[in-house]
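# Remarks on the overall topology
Each chain is listed here by its residues.
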Amino acid sequence: MNNELLKKSYIFTDISVDKKEKNDALNRIAELLAGPMGLSQKELVAGLLKREEEGTTGFTDGLAIPHATLKSLDDPKVGVITFSDPIEWDSLDGQGVKAAFVLLTPENGENNVHLKMLSQLSRNLMKADFVKSIQDNLSNANGLFEIVGNIINQ
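All figures in this text were calculated on a predicted structure; none of them were measured in a lab.

## Some remarks on the pattern of salt bridges
Within this structure, the stated rule accounts for five salt bridges. Linking Lys-20 and Asp-85 is a salt bridge whose minimum nitrogen-to-oxygen distance equals 3.9 Å. A residue pair is termed long-range when its members are at least 10 positions apart, and Lys-20 in the loop between β1 (11-15) and α1 (22-37) and Asp-85 in strand β4 (residues 77-87) qualify at 65 residues. Judged by relative accessible area, which is 33%, Asp-85 ranks as partly exposed. For the salt bridge of Glu-31 with Arg-28, the shortest nitrogen-to-oxygen distance reads 2.6 Å.

## Quick word on helix α5 (residues 141-152)
Spacing of three or four residues puts side chains on the same side of an α-helix, whose turn is 3.6 residues. Taking 1.5 Å of rise per residue, 12 residues should cover 16 Å, and α5 covers 16 Å from first to last C-alpha, within 8% of that figure. Among all positions in α5, only Gly-143, Leu-144, Phe-145, Ile-147, Val-148, Gly-149, Ile-151 and Ile-152 are buried. Measuring from the backbone nitrogen of Asn-142 back to the side-chain oxygen at the start of α5 gives 3.2 Å, which picks out Asn-140 as the cap.

## Some details on unusual backbone geometry
Located in the positive-phi region is Asp-14, a residue other than glycine, with phi close to 55°. Looking at the secondary structure, you find Asp-14 in strand β1. Owing to a relative accessible area of 38%, Asp-14 belongs among the partly exposed residues under this scheme. One non-glycine residue, Lys-20, adopts positive backbone phi at about 55°. The partly exposed category is assigned to Lys-20, whose relative accessible area is 34%.

## With respect to the layout of surface pockets
Of the volumes computed, that of the largest pocket is approximately 220 Å³. Along its surface, the largest pocket is lined by 13 residues, and Gly-47, Lys-50, Ala-68, Thr-69 and Leu-70 are the ones closest to its centre. Contributing elements (two or more residues each) for the lining of the largest pocket: α2 (41-54) and β3 (67-70). By residue number, the principal contributor to the lining of the largest pocket is α2, which donates six residues. When its residues are assigned to classes, the lining of the largest pocket shows three nonpolar, four polar and six charged.

## A few points about the side chain of Lys-22
Counting through the fold element by element, Lys-22 comes out in helix α1. Not counting chain neighbours up to four residues away, the residues in contact with Lys-22 comprise Glu-52, Thr-56, Ile-87, Glu-88, Trp-89 and Asp-90.

## What about the nonpolar core?
Of all hydrophobic cores here, the largest spans 26 residues; its most connected members are Ile-29, Phe-83, Trp-89 and Leu-104. Counting only elements with at least two residues in this core, the list comes to α1, α2, β3, β4 and β5 (97-106). Among the elements that take part in this core, α1 stands out by supplying seven residues, more than any other. When sequence neighbours within four positions are dropped, the list of residues in contact with Leu-104 reads Met-37, Leu-39, Leu-44, Leu-48, Ala-68, Leu-70, Leu-73, Pro-76, Lys-77 and Met-117. One finds Leu-63, Phe-101, Leu-125 and Val-148 within the second-largest nonpolar core, a separate group that totals 24 residues.

Thresholds, definitions, all that
Residues numbered from 1 in each chain as written. Predicted model: local features only at pLDDT ≥ 70, side-chain atom pairs only at ≥ 80, totals over all residues. Heavy atoms only, no water. Salt bridge = Lys/Arg side-chain N within 4 Å of Asp/Glu carboxyl O. Helix = DSSP H or I, 4+ residues; strand = E, 2+ residues; numbered from the N terminus. Buried < 20%, exposed > 50% of the residue type's maximum accessible area, 1.4 Å probe, protein only. Expected span 1.5 Å × (residues − 1). Polar contact = N/O pair within 3.5 Å; in protein donor to acceptor, adjacent residues only side chain to side chain. 1 Å grid on protein atoms, 1.4 Å probe; cavity = no way out; pocket = protein on both sides within 12 Å on 5 of 7 lines; lining within 4 Å. Points joined across faces, edges and corners; volume = space filled by probe spheres on them. Nonpolar A, V, L, I, M, F, W, Y, C, P; charged D, E, K, R; others polar. Contact = heavy atoms within 4.5 Å. Core = buried A, V, L, I, M, F, W, Y, C linked by side-chain atoms within 4.5 Å.

As far as function goes, none of this settles anything; it's purely spatial.
What follows is the structure, encoded as structure tokens:
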């Protein structure tokens with residue numbers, strides 16, 4: 001497994017967000033991931049919000065894949081955040097989001113890495129067994145590390 005892509009320090013479970021809305025959740029995600037990933041919180045939240053303006057990253061079954069390309073990033077990184085309460089995310093199925101898979105790629109990096117990670121996650125989000133394994137491990141950082149690590153590194 002590529003240890004730089006997904007680290008256990010990039011996984012946060014049962015996070016509470018005051019207003020339970022997407023923009024507040026994205027701010028909280030940036031707050032949590034900036035330090036461990038060595039990123040600017042301001043740049044991270046700006047990148048996530050910019051991408052969200054293009055269309056929702058909320059999928060179905062309580063899952064979202066917010067993503068951004070960042071100037072200051074040297075290598076792709078993946079974070080996993082689960083929320084204590086569902087977040088209103090304008091998801092495809094209208095349901096609240098309980099888990100966000102955050103994909104970050106360098107602005108000057110190879111776009112295919114970003115697309116590959118996104119397509120692997122998207123394909124798996126359509127598999128009932130994958131979705132169930134995520135939902136069964138929302139409070140288990142080690143379980144999420146294994147589940148997500150296994151698919152993004154295929």
